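Here's the letter readout for the chains.
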Amino acid sequence: QVRLVESGGGLVQAGDSLRLSCAASERYAVGWFRQAPGKEREFVAAMYWVGDSTYYADSVKGRSTISRDNAKNTVYLQMNSLKPADTAVYYCAVHRRGVWIPTLSSTYDSWGQGTQVTVSS
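Attention in this report is confined to the structure presented alongside it. (Residues numbered from 1 in each chain as written. Predicted model: local features only at pLDDT ≥ 70, side-chain atom pairs only at ≥ 80, totals over all residues. Heavy atoms only, no water.)

**Observations concerning the nonpolar core**
- Ranked by internal contacts, the top residues of the largest apolar core, which has 35 residues, are W32, L77 and Y90.
- Elements represented by at least two residues in this core include exactly strand 3 (18-24), strand 4 (29-35), strand 5 (42-47), strand 8 (74-79), strand 9 (88-95) and strand 11 (115-120).
- Ignoring any residue separated from it by four or fewer positions in sequence, one finds L77 in contact with L18, R19, L20, W32, V44, A45, S64, T65, I66 and Y90. (Core = buried A, V, L, I, M, F, W, Y, C linked by side-chain atoms within 4.5 Å. Buried < 20%, exposed > 50% of the residue type's maximum accessible area, 1.4 Å probe, protein only. Helix = DSSP H or I, 4+ residues; strand = E, 2+ residues; numbered from the N terminus. Contact = heavy atoms within 4.5 Å.)

**Here we look at the environment of A36**
- Here A36 lies in the loop between strand 4 and strand 5.
- Taking the C-alpha atoms as reference points, A36 and V89, 53 residues apart in sequence, are found 6.3 Å from one another.
- What A36 contacts, discounting residues up to four positions off in sequence, is T87 and A88.

**Section: the state of the cysteines**
- Following the criterion strictly, the structure yields 1 disulfide and no others.
- A disulfide bridge connects C22 with C92, and the sulfur atoms are separated by 2.1 Å. Around the S-S axis, the bridge from C22 to C92 shows a dihedral of about 65 degrees and counts as right-handed. Linking C22 in strand 3 with C92 in strand 9, this pair joins segments that are 70 residues apart in sequence.
- A relative accessible area of 1% places C22 in the buried class.
- Judged by its relative accessible area of 0%, C92 falls in the buried class. (Disulfide = S-S within 2.5 Å.)

**Regarding the side chain of R34**
- For R34, the position within the fold is in strand 4.
- Since its relative accessible area comes to 5%, R34 is described here as buried.
- Among the polar contacts listed, one links the side chain of R34 to the side chain of S59, at a separation of 3.4 Å.
- One polar contact links R34 to D86, side chain to side chain, over a distance of 2.9 Å.
- The contacts of R34, once residues within four sequence positions are left out, are E40, R41, E42, V44, S59, V60, A85, D86, A88, V89 and Y90. (Polar contact = N/O pair within 3.5 Å; in protein donor to acceptor, adjacent residues only side chain to side chain.)

**A short note on the pairing of strand 4**
- Within strand 4, 6 of the 7 residues are buried, which leaves the element mostly enclosed by the surrounding structure.
- Note: strand 4 against strand 9, 7 bridges, orientation antiparallel. The partner of V30 across the bridge, within strand 9, is V94.
- Taken together, the 5 bridges between strand 4 and strand 5 define a ladder with antiparallel strand orientation. Looking across to strand 5, one finds that W32 is bridged to A45.
- With antiparallel pairing between neighbouring strands as the criterion, strand 4 and strand 5 make up a hairpin whose turn holds 6 residues, including G38 at a positive phi of roughly 80 degrees. (Pairing = 2+ DSSP bridges.)

Here it is, written out as structure tokens:
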């Protein structure tokens, strides 16, 4: 079982920035998803451990950057110009085997416990 530890959430004001971290016990493809109250979990961003390909939801594209630190086995999600609509629990997830579709949550095998991001207006 892959261990995932998320951190970096908090309460911020609209326009502020946050950096979420996801420390994984091993290196795999990693995705960030979020779930707001009463809504389904949705894709935010993803990347593989090798190469430079990154994937973003339209809702965060241009405001967010996913990156990794291979030495620390950690993936980051930098979010800028935060909006109240970004309020949600943010989860990181890893894909280990099979076909990986970055935007599809069912292709991820392990999930973190989530970190709350609240953006006040």
